[in-house]
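The residues making up each chain are set out below.
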Amino acid sequence: MIQYVPQLINLFATLILMLSFAMISQRRIVSLINLFTLQGAALVAASILLGYATNQPDLYVSAGLTLVLKVILIPWLLHRVIRRLNVRWDVETLINIPTTMLVGIVLVIFSFSLALPISRLSSSMAGGSLGIALACVLLSFMMMITRSKAVPQVIGFLSMENGLIFAATTVTSGMPMIVEFGIALDVLVGVLILGVFMFQIREKFDSLDIHHLEALKED
């Protein structure tokens, strides 16, 4: 079983990357949350596999935190928020979907080129997944800067954090537990704050378009 773990981790890494591409091309917010949930589930599976292969219990704790936060709690909170705000679509993107996909392909090529020398120095059995992790981070960052609605930007931020955790898990075989708990707490608090932020934007402007914040500038 252990000899198949690297192939399985690469499979889940590919799935995470494909989900990132699906997220940058998705305009329906409910589907975007569902894709983020699947990405979190793939991250959980990769962490469990690596923990089993390397016999590191810390990775099981990391997988448990990801499962509770990224697969159960945060998606539930986001679904509740969009129901309260009655938001279903994000059609106001800065660039169209075909151009977004082309830029995404360029970012993936750049990520693999940048990560290749570093991956060769890693002793982890999944060190070759660093390029995929970096690509997920860049794709999520692109989603944040090309969307005008607050909800997709929150999901982009959370997906970018998924990529960072995946990089730390696969390349270094996990992070210290204090760092894991710190990141989990920061993400949860960040989501709660951004939820309040979205309600305030909607109450003030009857829209979640963050460009309306320019109206708050002093004359």
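Described in the following lines is the structure provided in the data block. (Residues numbered from 1 in each chain as written. Predicted model: local features only at pLDDT ≥ 70, side-chain atom pairs only at ≥ 80, totals over all residues. Heavy atoms only, no water.)

**Re the packing of helix H1 (residues 5–24) against helix H2 (residues 29–54)**
In helix packing, the relevant descriptors are the interaxial angle and the interaxial distance, both defined with respect to the helix axes. Running from N to C, H1 and H2 cross one another at 165 degrees; their axes reach a closest spacing of 9 Å. In this view, H1 runs roughly antiparallel relative to H2, as classed from their interaxial angle. Once H1 is placed against H2, the crossing between them reads as left-handed. Residue composition of the contact of H1 with H2, by class: 21 nonpolar, two polar and no charged. (Axes fitted to C-alpha atoms, helices over the stretch in contact; angles between N-to-C directions. Helix = DSSP H or I, 4+ residues; strand = E, 2+ residues; numbered from the N terminus. Parallel < 35°, antiparallel > 145°, perpendicular 65-115°, else oblique. Left-handed = near helix turned anticlockwise from the far one by under 90°. Nonpolar A, V, L, I, M, F, W, Y, C, P; charged D, E, K, R; others polar.)

**A short note on helix H5 (residues 130–146)**
Relative to the 24 Å expected for 17 residues at 1.5 Å per residue, H5 spans 24 Å between its end C-alpha atoms, a close match to the ideal helical length. Of all 17 residues in H5, twelve are buried; the element is thus mostly enclosed. (Expected span 1.5 Å × (residues − 1). Buried < 20%, exposed > 50% of the residue type's maximum accessible area, 1.4 Å probe, protein only.)

**Considerations on the environment of serine 148**
Inspection of the secondary structure puts serine 148 in the loop between H5 and helix H6 (150–172). Distance from serine 148 to leucine 94, taken between C-alpha atoms, is 7.4 Å for residues 54 residues apart in sequence.

**Topic: the environment of valine 61**
Mapped onto the elements of the fold, valine 61 is located in helix H3 (residues 57–85). Between the alpha carbons of valine 61 and isoleucine 48 there is a distance of 9.1 Å; along the sequence they are 13 residues apart.

**Examining the nonpolar core**
Leu17, Met23, Leu78, Leu139, Ile155 and Phe166 are the most contacted members of the largest nonpolar core, which totals 39 residues. Considering every element that reaches this core, the biggest residue donor is H2, with nine residues. Residue contacts for methionine 23: discarding those within four places in its chain leaves Leu32, Leu35, Phe36, Gln39, Met143, Arg147, Ile155 and Ser159. Counting six residues, the second largest nonpolar core, distinct from the first, contains Val5, Leu50, Ala53 and Leu59. (Core = buried A, V, L, I, M, F, W, Y, C linked by side-chain atoms within 4.5 Å. Contact = heavy atoms within 4.5 Å.)

**Quick look at H3**
Its 29 residues give H3 an end-to-end C-alpha distance of 40 Å, which sits within 8% of 42 Å, the value for a rise of 1.5 Å per residue. The largest bend along H3 measures about 35 degrees and falls at isoleucine 74, with the proline proline 75 one to four residues further on. Backbone geometry just after H3 places asparagine 86 at a positive phi near 55 degrees. (Bend = angle between axes of the 7 residues up to and from the residue.)

**Here's the deal with the side chain of threonine 100**
Mapped onto the elements, threonine 100 comes out in helix H4 (residues 97–121). On the basis of relative accessibility, which here comes to 3%, the residue threonine 100 falls in the buried class. For threonine 100, the residues in contact, after removing those within four places along its chain, are Ile24, Ile95 and Met142.

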